[in-house]
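Listed below are the residues making up each chain.
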Amino acid sequence: MAPIPFILDTDTAQDDCVAILLGILDPVADLRAITMVAGNVGFEQQTDNALMTLSVAGALGDVPVFLGCRRPMVRPWVSAENVHGDGAGGLSMETSGLKTASEHGVDALLRLTAESPGELTIVAIGPLTNIAMAVVKDPSFAGRVKSLYIMGGSNNARGNITAAAEFNFYVDPDAAKIVFEAGFDITVVPWEPLTVRDALFSREQMAEIASSDSPVARFFTAVCETTLEFDESVGIPGSSHPDSMTVALLLHPELVTHSAAYAVDIEADSELTRGYSAMSWGVHGLKPNARVIESIDSAKFFEYIKSTMATVTTPSRPIVGL
Ligand code: BDR
Ligand code: CA
């Protein structure tokens, strides 16, 4: 199978790290660039997390890291540090002498898609600020992107940051609204019910992944622990993997068991339901603008993560605490 070229737009913490690992370690992946967007934890911390993840995979310097928008389009930044801590399980790496790319993330998205029109998929696993800014800057952008995979929203179900909203759409609802109206070929990987049912690993499964004891598996265990404890504290009985699932479904579409066309729109006016994703399933006379993933083969997804995390690597730089 020919490698699948894509760009990962990320607010790197916890499962965003796992998504990056798949982009490096899966032979089907051709990860061309990482663009950073404001989301989970402080912007500098997120960037350090992304560089450390590349290092664990032995790929520091192999994939350019572009710094994108440092806050949402209109509103102040909202963090998820209460959920993820530093997003890196307390691990750290000396970053002296390391350089991120000098070009802005939004400009990199515009340039890379102009250089390979119709070839690159974008996998967006944070707030959609960079993607919306690229649309605002160049309306022809959407037409150059092969497809856009989005982790965000809930499919007529509970949110996680509020009753109504999932974090990525809540943080920048204005951006999400722009993106769903821009004409991309969109696949949505929602939080509920999909992630909480099909991409949740029990403590026993986490121990199975850890048992290979590779540097990657040790890193995986460390970066997931804080979020696992948070999930358990709010009644979610396992480690949640929405971002790595999104990359996995691009690389291995056979993992999808059900998906359907929906008309998706985002609430950007109400404070009560800010970031709510209205997903209309075809009976309301609205034109579909996205494919929404409804279920995946969760056993195969777990096996895929377990085997990929067992990959033996030589970290590019030492990781303190690993
Ligand atoms: C999403 O929010 C972030 O905290 C996770 O990385 C994921 O992208 C889940 O709501
Ligand atoms: Ca994320």
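I will try to describe carefully the structure that is included in this document. Model, not experiment: these values are computed from the prediction. Sequence order as written defines residue numbering, which begins from 1 separately in each chain. To read the labels, note that chains go from A and ligands from 1, taken in the order they are written. Where local features are concerned, this predicted model is filtered to residues with pLDDT of at least 70; where side-chain atom pairs are given and counted, the filter is 80 or more; whole-chain, interface and lining totals use all residues. Side-chain figures throughout are based on the complete set of non-hydrogen atoms in the structure, without hydrogens or water.

## What about the coordination of the calcium ion (ligand 2)?
Inference 1: For Na, K and Ca the donor cut-off is 3.2 Å, and for all other metals it is 2.8 Å, counting N, O and S atoms only; because water is absent from this set, sites may look incomplete. Note on the calcium ion (ligand 2): its protein donors are Asp 11 (OD), Asp 16 (OD), Asp 16 (OD), Ile 125 (O) and Asp 243 (OD). The metal-donor distances range over 2.2 to 2.8 Å.
Inference 2: Read from N- to C-terminus, the donor residues coordinating the calcium ion (ligand 2) fall into the pattern D-x4-D-x108-I-x117-D. With Ile 125 in the loop between strand 4 (121-124) and helix 5 (129-137) and Asp 243 in helix 12 (residues 242-251), the pair connects residues that are 118 residues apart, well separated along the chain.
Inference 3: Only protein chains enter the accessibility calculation, which uses a 1.4 Å probe; a residue is then buried when its area is under 20% of its type maximum, exposed when over 50%, and partly exposed in between. Looking at Ile 125, the relative accessible area reads 1%, which means it is buried. Helix numbers and strand numbers start at the N terminus; a helix is a DSSP run of H or I with at least 4 residues, a strand a run of E with at least 2.

## A look at the packing of helix 1 (residues 15-25) against helix 13 (residues 298-309)
Inference 1: Axes, fitted as lines to C-alpha atoms, cover a helix only where it is in contact. Angles between the N-to-C directions of the axes lie from 0 to 180 degrees. Closest axis-to-axis distance for the helix 1/helix 13 pair is 11 Å, and the angle between their directions is 70°. Classified by the angle their axes make, helix 1 and helix 13 are roughly perpendicular. Contacts from Val 18, Leu 21, Leu 22 and Leu 25 in helix 1 reach Tyr 304, Ile 305, Thr 308 and Met 309 in helix 13.
Inference 2: By residue class, the composition of the contact of helix 1 with helix 13 is seven nonpolar, one polar and no charged. Angles are sorted into four bins: roughly parallel if under 35 degrees, roughly antiparallel if over 145, roughly perpendicular if 65 to 115, and oblique for all others. In this analysis, two residues are considered to be in contact whenever any of their non-hydrogen atoms come within 4.5 Å of each other. Residues were grouped as follows: Ala, Val, Leu, Ile, Met, Phe, Trp, Tyr, Cys and Pro as nonpolar; Asp, Glu, Lys and Arg as charged; and all remaining residues, including Gly, as polar.

## Side note on the environment of Val 106
Inference 1: One can find Val 106 in helix 4 (residues 105-115).
Inference 2: The exposure class of Val 106 is buried, given its relative accessible area of 5%.
Inference 3: The spatial distance from the C-alpha of Val 106 to the C-alpha of Met 309 is 31 Å, given a sequence separation of 203 residues.
Inference 4: Once residues within four sequence positions are removed from consideration, Val 106 is found in contact with Cys 69, Asn 130, Met 133, Ala 134 and Lys 137.

## Some thoughts on the site of ligand 1
Inference 1: Looking at ligand 1, the residues that line it are Asp 16, Asn 40, His 84, Ile 125, Met 151, Asn 160, Glu 166, Phe 167, Asn 168, Trp 191, Pro 242 and Asp 243.
Inference 2: Between ligand 1 and His 84 there is a distance of 2.7 Å, counted from an oxygen atom to a side-chain nitrogen or oxygen.
Inference 3: By the criterion applied in these results, polar contacts are pairs of N or O atoms within 3.5 Å in which, for protein atoms, one can donate a hydrogen and the other can accept it, and in which residues neighboring in sequence qualify only through two side-chain atoms. Interatomic distance of 2.8 Å between a side-chain N/O atom of Asn 160 and an oxygen atom of ligand 1.
Inference 4: Only the protein chains shown count as cover for residues, and the accessible areas themselves come from Shrake-Rupley with a 1.4 Å probe. Here ligand 1 has 280 Å² of accessible area as a free molecule, and 95% of this is covered by the chains.
Inference 5: For the shell around ligand 1, the per-class residue count stands at five nonpolar, four polar and three charged. If even one non-hydrogen atom of a residue comes within 4 Å of a molecule or strand, that residue is called near it.

## Looking at helix 4
Inference 1: Within the span of helix 4, buried status applies to Gly 105, Val 106, Ala 108, Leu 109, Leu 110, Leu 112 and Thr 113.
Inference 2: Looking at the buried side of helix 4, the elements it contacts are strand 1 (4-10), strand 2 (29-36), strand 3 (65-67), strand 4, helix 5 and helix 6 (141-144).

## Notes on the pairing of strand 2
Residues in a regular strand project their side chains so that they alternate between the two faces of the sheet.
Inference 1: Strand 2 sits mainly inside the fold: six of its eight residues count as buried.
Inference 2: In this analysis, strands are considered paired if DSSP registers two or more bridges between them. Two elements, strand 1 and strand 2, share seven bridges in a ladder whose sense is parallel. Bridge pairing in strand 2 links Asp 9 to Thr 35.
Inference 3: Every crossover in which the path from the first strand over the helix to the second runs clockwise, viewed with the strands pointing away from the viewer, is termed right-handed. Read as a crossover between parallel neighbours, the route from strand 1 over helix 1 to strand 2 is right-handed.

## Some thoughts on the packing of aromatic side chains
Inference 1: Two aromatic rings, drawn from Phe, Tyr or Trp (for Trp, its six-membered ring), form a pair once their centres lie within 6.5 Å of each other, and the interplanar angle then sorts them: stacked below 30 degrees, edge-to-face above 60, tilted otherwise. This structure, assessed with the given rule, holds four aromatic pairs.
Inference 2: Measuring from centroid to centroid gives 5.6 Å for Phe 201 and Phe 301, while their planes differ by 40°, and the two rings are tilted. Linking Phe 201 in strand 7 (residues 200-201) with Phe 301 in helix 13, this pair joins segments that are 100 residues apart in sequence. This pair shows no difference in class: Phe 201 is buried, exactly as Phe 301 is.
Inference 3: An aromatic cluster of three or more residues is present, and its members are Phe 201, Phe 301 and Phe 302.
Inference 4: In this structure, Arg 274 is placed above the aromatic ring of Tyr 170, and the distance from its NZ or CZ to the ring centre is 4.1 Å. Here, a charge over a ring is recorded when the distance from Lys NZ or Arg CZ to the ring centre is within 6 Å and its angle to the ring normal is within 35 degrees.

Function cannot be inferred from these measures alone, as they are strictly geometric.
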